[in-house]
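Here are the chains, one letter per residue:
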Amino acid sequence: ERFLTFATPVIYSDDTLWPRILAVLCMREDSLQTPETLERFLDSTLESVDSAEELAVGVAQRAGFDEDDLVRIGMAVRESMVNAVVHGNRYNSNKKVRFSVANNTERFTVRIADEGDGFDFSRLPDPLSPGNLMRTSGRGIFLVRSFMDEFQIRHLEPAGTEVTLVKYMVSK
């Protein structure tokens, strides 16, 4: 197996040049569905939400997902990124969102990690309970779970929350 790897340099600094971008692209020449991995460190802005969605949908499209799955993946990534930027990092320009997307012959995986204070997962309100049905927010994680085949959430040390979204590859 031959792998091609491309990476931009990572600059570590105490100021705003904290790792800006890390991009890794791995390609295997002898595969029908080419495995691909991308990783980015994104600013805590809504523009980063758009960028992450575009990257994820692009990888998913190249992996062979149909239009319905592309919409589901895009929505799940958008909801998770909004949670990281708005609720996790609270738009703090000193905090980044680590975004990675990877696919292989079995699964498509997205990981999104913020640098926020985290939250108690057991206290997530049920968006389907009568008292929450008319609320205008609070359905993001519910939607992500319904759009993806797997959903995991975990606390990071010393701070932050990471979500992992998985969509299984199906025979095309």
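Look above for the structure.
Given the structure is predicted, the values throughout are model-derived calculations rather than measurements.

Compared with an ideal rise of 1.5 Å per residue, which puts 18 residues at 26 Å, helix H1 (residues 46-63) spans 26 Å between its outermost C-alpha atoms and is within 8% of the ideal. Where H1 is concerned, the buried positions are Ser48, Val49, Ala52, Glu53, Ala56, Gly58, Val59, Ala60 and Ala63. Looking at the buried side of H1, the elements it contacts are strand E3 (36-43), helix H2 (67-88), strand E4 (96-103) and strand E5 (107-113). Immediately beyond the C-terminal end of H1, within one or two residues, lies Gly64, with a positive phi of roughly 105 degrees.

A few words now on the pairing of strand E7 (residues 161-168). The buried fraction of E7 amounts to seven of the eight residues, a majority that puts the element mostly inside the structure. In the sheet, E5 pairs with E7 via seven bridges, with the strands oriented antiparallel. Each bridged residue has a counterpart across the sheet, and for Arg111 the counterpart in E7 is Thr164. As paired strands, strand E6 (residues 150-155) and E7 are joined by six bridges and run antiparallel to one another. Among the inter-strand pairings, Arg154 is bridged to a residue of E7, identified as Glu162. A loop of five residues connects E6 with E7, the two strands running antiparallel in sequence, and Gly160 in this loop sits at a positive phi of about 115 degrees.

Examined against the element boundaries, Lys167 turns out to sit in strand E7. On the basis of relative accessibility, which here comes to 9%, the residue Lys167 falls in the buried class. In terms of polar contacts, Lys167 uses its side chain to reach the backbone carbonyl oxygen of Phe147, at 2.9 Å. Look past the residues within four positions of Lys167 in its chain and what remains in contact with it is Phe65, Asp69, Arg72, Ile73, Arg107, Phe108, Phe147, Met148 and Asp149.

The interhelical angle for the contact between H1 and H2, taken along N-to-C directions, is 150 degrees, at an axis separation of 9 Å. In terms of orientation, H1 and H2 fall into the roughly antiparallel class. As H1 packs across H2, the resulting crossing turns out to be right-handed. Here H1 contributes Leu46, Ser48, Val49, Asp50, Ala52, Glu53, Ala56, Val57, Ala60 and Gln61 to the contact with H2, which in turn contributes Leu70, Ile73, Gly74, Met75, Val77, Arg78, Met81, Val82, Val85 and Val86. Class assignment of the residues belonging to the contact of H1 with H2 gives a composition of 14 nonpolar, three polar and three charged.

Across the sheet, five strands lie side by side as E3-E4-E5-E7-E6; this open sheet has antiparallel pairing. The open sheet has two free edges, formed respectively by E3 and E6, since each of these has just one partner strand. The mean angle between the axes of side-by-side strands here comes to 10 degrees, regardless of whether they run parallel or antiparallel. Of the strands in this sheet, E3, E4 and E5 are in contact with H1, which crosses E3 at around 175 degrees. Strands E6 and E7 of the sheet are contacted by helix H3 (residues 140-147), whose axis makes an angle of about 135 degrees with E6.

For the rest of this paragraph, the subject is the packing of aromatic side chains. As enumerated under the stated definition, the model contains one aromatic pair in all. For the ring pair Phe65 and Phe108, a centre distance of 5.6 Å and an interplane angle of 75 degrees mean the geometry is edge-to-face. Taken as a pair, Phe65 in the loop between H1 and H2 and Phe108 in strand E5 lie far apart in primary sequence, 43 residues in all. Overall, Phe108 belongs to the buried group, its relative accessible area being 0%.

Once that is clear, we can look at the nonpolar core. One finds Val77, Met81, Phe99, Phe108 and Ile112 to be the most contacted residues of the largest nonpolar core, which totals 29 residues. Elements with a minimum of two residues in this core: E3, H1, H2, E4, E5, H3 and E7. Here the element with the most residues in this core is H2; it accounts for seven residues. Ignoring sequence-local partners within four residues, the contact set of Met81 consists of Leu42, Ser48, Val49, Ala52, Val97, Phe99 and Ile112.

Reading guide: rules and limits
- Residues numbered from 1 in each chain as written.
- Predicted model: local features only at pLDDT ≥ 70, side-chain atom pairs only at ≥ 80, totals over all residues.
- Heavy atoms only, no water.
- Helix = DSSP H or I, 4+ residues; strand = E, 2+ residues; numbered from the N terminus.
- Expected span 1.5 Å × (residues − 1).
- Buried < 20%, exposed > 50% of the residue type's maximum accessible area, 1.4 Å probe, protein only.
- Contact = heavy atoms within 4.5 Å.
- Pairing = 2+ DSSP bridges.
- Polar contact = N/O pair within 3.5 Å; in protein donor to acceptor, adjacent residues only side chain to side chain.
- Axes fitted to C-alpha atoms, helices over the stretch in contact; angles between N-to-C directions.
- Parallel < 35°, antiparallel > 145°, perpendicular 65-115°, else oblique.
- Left-handed = near helix turned anticlockwise from the far one by under 90°.
- Nonpolar A, V, L, I, M, F, W, Y, C, P; charged D, E, K, R; others polar.
- Phe/Tyr/Trp six-rings, centres within 6.5 Å; stacked < 30°, edge-to-face > 60°.
- Core = buried A, V, L, I, M, F, W, Y, C linked by side-chain atoms within 4.5 Å.

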